[in-house]
Amino acid sequence: MSKSPSLRLDRLLANLGYGSRREIGLLAKADLIVLDGAPLRDANQRIAVTPDLSGRMVVDGDPLDPPPGLALMMHKPLGVTCSHKEVGPLVYGLLPERWRRRDPALSTIGRLDKETSGLLLLTDDGALLHKVIAPKSNVAKRYRVALDRPLKGDEVMVLGSGSMLLDGEDKPLLPVEMEVEDETHVVVTLHEGRYHQVRRMFAALGNHVTALHRDRIGGLTLPDDLEAGAYRILTEDDIRAVLGAPSLA
Ligand code: URA
């Protein structure tokens, strides 16, 4: 017995951004929706939404887009934003046009600043999003940081203390791990995600971040062959890696 949810064909495709239910009905009547090699002429019929559906269904000559439950990693380039509140092109513009009409919508799992590059996760799965960003999940995020001025020498101790306060806040930061690469390059690992945290931490230490790149979330590292602006669908193993990395707790 299958546990997969089932949806009417017209609802499934409309939710994936292929058009209105009426338009999907027309596609079906024109034999342009094919499942396992056979045209589906009745857009009202229910379809089991299994993870393998994209490999089995063809719409207007192309494989069906990934069904809901989609999770992606993106190599966010500099200059694009994660939020409609910021000025500039959005990360969603780097995805296929149809994906912007999906319901449930894709959203970023946390955010990177416009001038931060690196590993960004997106999903339409609210439960996954919550698992990654919930404070008790304690998913670590690693950043490579370039600094304007040479380190003074006390940064590892101050950041690791668990008592550092950011400007305007009264709750100390959780301990931050910091590895020094050279006097203006460090790698920091955070176990929480406050607004502009890395930039504000170094500002509080009297320095200034000149470049910021996230290369790891939990146990998932940004692949070397994923170029800036490119994205990839997460596998089950990738998701396990995000959630399963050792935590501070
Ligand atoms: N900290 C920042 O300051 N910016 C980011 O984009 C992420 C972490």
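What counts, and at which threshold
Residues numbered from 1 in each chain as written. Predicted model: local features only at pLDDT ≥ 70, side-chain atom pairs only at ≥ 80, totals over all residues. Heavy atoms only, no water. Buried < 20%, exposed > 50% of the residue type's maximum accessible area, 1.4 Å probe, protein only. Helix = DSSP H or I, 4+ residues; strand = E, 2+ residues; numbered from the N terminus. Arc of directions from axis to C-beta. Domains from an automatic or database assignment. Pairing = 2+ DSSP bridges. Near = heavy atom within 4 Å. Polar contact = N/O pair within 3.5 Å; in protein donor to acceptor, adjacent residues only side chain to side chain. Areas by Shrake-Rupley, 256 points an atom, 1.4 Å probe, with all protein chains shown as cover. 1 Å grid on protein atoms, 1.4 Å probe; cavity = no way out; pocket = protein on both sides within 12 Å on 5 of 7 lines; lining within 4 Å. Sits in = over half its atoms within 2 Å of the grid points. Core = buried A, V, L, I, M, F, W, Y, C linked by side-chain atoms within 4.5 Å. Contact = heavy atoms within 4.5 Å. Salt bridge = Lys/Arg side-chain N within 4 Å of Asp/Glu carboxyl O. Axes fitted to C-alpha atoms, helices over the stretch in contact; angles between N-to-C directions. Left-handed = near helix turned anticlockwise from the far one by under 90°. Nonpolar A, V, L, I, M, F, W, Y, C, P; charged D, E, K, R; others polar.

**Regarding helix α4 (residues 126–133)**
Among the residues of α4, those classed as buried are Leu-128, Leu-129 and Val-132. When α4 is viewed along its axis, its buried side chains cluster within an angular range of 100° and face the same direction. In α4, the exposed residues that point more than 90 degrees away from the buried face are Gly-126, Ala-127 and His-130.

**Regarding the domain arrangement of the protein**
Often, the extent of an interface is quoted as the loss of accessible area upon association of its parts. Along its sequence, the protein is organised into domain 1 (6–63), domain 2 (71–135 + 219–242) and domain 3 (140–217). Using only C-alpha atoms to locate each centre, domain 1 and domain 3 end up separated by 49 Å.

**Observations regarding the sheet that holds strand β6 (residues 62–63)**
The sheet built from 4 strands is open, its strands ordered β3-β2-β5-β6 with antiparallel pairing. Looking along the sheet, the strands with just one partner apiece sit at the ends: β3 (38–39) and β6. Bridge count between strand β2 (residues 33–35) and strand β5 (residues 57–59): 3 bridges; the pairing is antiparallel. If you follow Ile-33 over to β5, its bridge partner there is Val-59.

**Observations concerning the site of the ligand**
Surrounding the ligand, one finds Leu-112, Asp-113, Thr-116, Tyr-143, His-196, Gln-197, Val-198, Arg-199 and Leu-212. At 2.7 Å from a nitrogen atom of the ligand is found a side-chain nitrogen or oxygen belonging to Asp-113. Against a free-state accessible area of 240 Å², the protein chains account for coverage of 96% of the ligand. Judged by the fraction of its atoms near the pocket grid, the ligand is located in the largest pocket. Ranked by residue count, the leading element in the shell around the ligand is helix α6 (residues 197–204), at 3 residues.

**What about the nonpolar core?**
Among the nonpolar cores identified, the biggest contains 32 residues, and Val-145, Leu-159, Val-188, Val-198 and Phe-202 are the most heavily contacted of them. Counting only elements with at least two residues in this core, the list comes to β7 (71–76), β9 (116–123), β10 (141–147), β12 (185–190), α6 and β13 (209–217). Filtering out sequence-adjacent residues up to four positions away, Val-198 remains in contact with Tyr-143, Val-145, Val-188, Leu-190, Val-209 and Leu-212. Core analysis: the second largest hydrophobic core is formed by 18 residues, Leu-27, Ile-33, Leu-40 and Leu-53 among them.

**Re the pattern of salt bridges**
Evaluated as defined, the whole model comprises 18 salt bridges. The partner of Asp-215 in a salt bridge is Arg-142, with the nearest N and O atoms 2.9 Å apart. Here the residue Asp-215 occupies a position in strand β13, and Arg-142 occupies one in strand β10, the gap between them amounting to 73 residues. Residue Arg-142 is classed as partly exposed on the basis of its relative accessible area, which comes to 22%. Note that Asp-215 is salt-bridged to Arg-144, the shortest N-O span being 2.8 Å. Of this pair, Asp-215 sits in strand β13 while Arg-144 sits in strand β10, and the two are 71 residues apart along the sequence. A relative accessible area of 31% places Arg-144 in the partly exposed class.

**Quick look at the pairing of β10**
Among the 7 residues of β10, 5 are classified as buried, and the element is accordingly described as predominantly covered. Bridge count between β10 and β12: 6 bridges; the pairing is antiparallel. Pairing of Ala-146 across the sheet is with His-185, part of β12.

**Some thoughts on the packing of α4 against helix α7 (residues 236–244)**
For the pair α4 and α7, the least separation of the axes is 9 Å and the interaxial angle reads 35°. Seen from above, α4 lies across α7 with left-handed handedness. Here Leu-128, Lys-131 and Val-132 of α4 lie close against α7, whose contacting residues are Ile-239, Val-242 and Leu-243. Of the residues in the contact of α4 with α7, the class split is 5 nonpolar, no polar and 1 charged.

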